[in-house]
Each structure stands twice: as structure tokens, then as C-alpha cells.
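Examination of the molecular architecture
Listed below, chain by chain, are the residues.
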Amino acid sequence: MTLLQVSSLCAGYGAVEVLHDLAFDVQPGEIVALLGANGAGKTTTLRAVAGLLPARGRIALDGAEVTAASPAQRVRLGLALVPQGRGTFGEFSVEENLALGAYTVTSRRQIGQDTERWFELFPRLRERRRQQAGMLSGGEQQMLAIARALMSRPRLLLCDEPSLGLAPAVTQEMFAILRRINEEQGTALLIVEQNADVTLRLAHRAYVMETGALTMQGPARELLASPDIQRSYLGA
Ligand SMILES: Nc1ncnc2c1ncn2[C@@H]1O[C@H](COP(=O)(O)OP(=O)(O)OP(=O)(O)O)[C@@H](O)[C@H]1O
Ligand SMILES: [Mg+2]
């Protein structure tokens with residue numbers, strides 16, 4: 001069954017509609033990229049899916065409509081968002097940030113196990129487990145934001161520009177970790193990125209968004225080879 005099915009989605013801020021009639025889907029275990037220029041509406045799309053913004057249309061998880069569900073209900077149903085600009089809690093320690101990501105989890109044992117699991121994947125976070133998140137480097141904060149979102153054991157992780165502000169080598173490391181999470185946990189990913197080249201090499205499928213509407217979609221490999229995409233997003 002389709003993991004995330006979005007149809008006729010409209011959303012915006014106040015009277016201003018930003019998203020116009022979007023339709024897209026993510027299958028279980030799939031990596032889907034959402035590409036587009038600054039201001040196209042990518043962040044707004046992820047926020048609407050996560051329930052942080054009122055939306056019209058239909059958003060369904062595993063076939064069940066969640067368009068009116070609260071963000072916490074959607075987390076319980078398997079959705080987690082890594083917000084743009086990291087969004088970690090700077091005054092809290094690394095460990096405390098992870099515990100906050102597990103706010104829907106009642107089992108302390110599960111929280112302890114998952115913390116250890118993500119420390120294995122992100123060894124630098126283990127070394128800094130008692131350090132304030134605000135003192136971490138940009139790349140470390142981004143890893144913490146991903147680990148924190150994983151604490152709710154999502155089946156679909158929404159990632160808003162995970163490579164923002166990171167050096168190319170750290171971006172590569174980040175994408176390798178995302179691929180591992182996808183392969184080892186079967187977690188589906190919906191990734192918003194400016195970095196089209198790296199993202200299309202990671203993703204199975206991609207959508208392109210322009211001024212609040214989806215204008216192109218297809219297998220990532222095909223988009224990577226498309227002259228339109230090369231001209232607009234790959235600097236060819
Ligand atoms: N809180 C807000 N209030 C009013 N308008 C907003 C708000 N957030 C975003 N917008 C507007 O909505 C449109 C889409 O913004 P959005 O943040 O979704 O774009 P984006 O594709 O994520 O861009 P970027 O690549 O720069 O992150 C823009 O025109 C933006 O000015
Ligand atoms: Mg954005």
C-alpha cells in the first residue's frame with residue numbers, strides 16, 4: 001500500500017495560497033526527492049504533510065486520511081520531520097535532544113536502545129552526548145536533527161535540506177548515512193534539496209516544483225539526464 005498519498009493539496013499563509021493542487025506519493029521504503037528553486041514551496045509542502053500548516057485536499061498515510069490530524073498524531077502514525085535549518089534545542093544536551101524526539105514513545109527501554117543505535121550510526125554524537133546542542137558544529141547539529149527525528153521510529157522521514165551549509169565532504173557523509181537508514185531500517189525518505197546532483201544520485205524518484213506547483217516527475221536517473229533539469233538545477 002502507498003505510504004504517503006497526497007492529492008489536491010492546497011496550503012499557504014493567511015490569505016496567500018502557496019501550494020496549488022499538488023499530487024504526489026511515496027511508496028514504502030522509497031527515497032523521493034523534491035527539487036525546486038528558492039521560494040518554490042518545498043518547505044511549505046513538508047510542513048503541510050507534517051501537520052504544521054493547515055491544508056486543503058487530502059493527505060493519507062497507509063490509506064488513512066490524516067489531513068486534519070495533529071502533528072503528534074502523524075508522528076505516532078510514522079511520520080517525522082527534520083526541519084530546515086536543523087531546529088535542534090540549543091540549550092539542551094545531545095542526549096536530551098534525542099529524548100525530546102521520542103516524545104511519543106512511552107517505553108524508556110526503547111528510548112535507551114534507540115539512543116545507542118543512533119550513537120552507533122553517528123559516533124561523533126556519542127562523544128558529545130552531554131554537550132549542549134548549540135555548541136555542536138553545523139554538520140553535527142544536522143546529524144543530531146536526523147537522529148532526533150529517527151527516535152520516533154518513523155516509516156517516512158521528511159528531510160528539509162539536510163545538506164544546507166555543509167561542506168561537500170560532510171554532505172557526502174550525510175547522504176551515505178541517509179542511504180544506510182533507508183537500506184537497513186527500510187525507512188522511506190522524502191528529501192527536499194537544492195543540491196540536485198547529489199540528491200538525484202540518492203533518490204529513486206523525484207518531483208520538481210515551481211512556484212507552488214509540481215511541473216515534472218520521474219525516476220531520478222531520468223531526471224538526472226534531462227536537459228531541462230541539467231540547465232535549471234545542475235548548472236550545465
Ligand atoms: N511563515 C510564512 N509566512 C508567509 N509567507 C511565507 C512563510 N513561509 C514561507 N512563505 C512564503 O511561501 C513561499 C514558499 O516558501 P517555502 O519556504 O515553502 O519555499 P522553499 O521552496 O522551501 O524555499 P527555500 O529553498 O528558500 O527554502 C515563499 O513565497 C515564501 O515567501
Ligand atoms: Mg525551504
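Note that the coordinates shown come from a computational prediction; the quantities given were computed from them, not determined experimentally. (Residues numbered from 1 in each chain as written. Chains lettered and ligands numbered in written order. Predicted model: local features only at pLDDT ≥ 70, side-chain atom pairs only at ≥ 80, totals over all residues. Heavy atoms only, no water.)

Examining the site of ligand 1
- Near ligand 1 lie 13 residues; those nearest to it are Gly-39, Lys-42, Thr-43, Thr-44 and Gln-194.
- Within the side chain of Tyr-13, a nitrogen or oxygen atom sits 3.4 Å from a nitrogen atom of ligand 1.
- Contacts to ligand 1 include Glu-161, whose side-chain N or O atom sits 3.3 Å from an oxygen atom.
- Relative to its free-state accessible area of 630 Å², ligand 1 is covered by the protein chains to the extent of 57%.
- No other element matches the three residues that helix α1 (residues 42-50) contributes to the shell around ligand 1.
- For the shell around ligand 1, a count of residues per class yields four nonpolar, seven polar and two charged. (Near = heavy atom within 4 Å. Polar contact = N/O pair within 3.5 Å; in protein donor to acceptor, adjacent residues only side chain to side chain. Areas by Shrake-Rupley, 256 points an atom, 1.4 Å probe, with all protein chains shown as cover. Helix = DSSP H or I, 4+ residues; strand = E, 2+ residues; numbered from the N terminus. Nonpolar A, V, L, I, M, F, W, Y, C, P; charged D, E, K, R; others polar.)

Digging into a nonpolar patch on the surface
- Taken together, Phe-89, Phe-92 and Leu-100 make up a surface patch of nonpolar side chains, about 250 Å² in accessible area.
- By the secondary structure assignment, Phe-92 is in the loop between β6 (79-82) and α3 (94-101). (Patch = residues over 30% accessible without salt bridge, like charges linked within 9 Å, V, L, I, M, F, W, Y side chains within 5 Å. Salt bridge = Lys/Arg side-chain N within 4 Å of Asp/Glu carboxyl O.)

Comments concerning the sheet that holds strand β2 (residues 16-26)
- Strand order in this open sheet of four strands is β2-β1-β4-β5, and the pairing throughout is antiparallel. With one partner strand each, in any of the chains shown, β2 and β5 (64-65) form the two edges of the open sheet.
- Of the strands in this sheet, β1 (4-13), β2 and β4 (55-61) are in contact with α1, which crosses β2 at around 70°. (Pairing = 2+ DSSP bridges. Contact = heavy atoms within 4.5 Å. Axes fitted to C-alpha atoms, helices over the stretch in contact; angles between N-to-C directions.)

Observations concerning helix α7 (residues 168-185)
- The first and last C-alpha atoms of α7 sit 25 Å apart over 18 residues, in line with the 26 Å expected at 1.5 Å per residue.
- Buried within α7 are the following residues: Thr-171, Met-174, Phe-175, Ile-177, Leu-178, Ile-181 and Asn-182. One side of α7 holds all its buried residues, which, seen down the axis, span an arc of 155°. When the buried face of α7 is taken as reference, the exposed residues oriented beyond 90 degrees from it are Ala-169 and Glu-183.
- In the core, the buried residues of α7 are packed alongside β3 (31-36), α4 (108-121), α6 (138-150), β7 (156-160), β8 (188-193) and α8 (196-202).
- Downstream of α7 by a residue or two, Gly-186 has a phi angle that is positive, lying close to 70°. (Expected span 1.5 Å × (residues − 1). Buried < 20%, exposed > 50% of the residue type's maximum accessible area, 1.4 Å probe, protein only. Arc of directions from axis to C-beta.)

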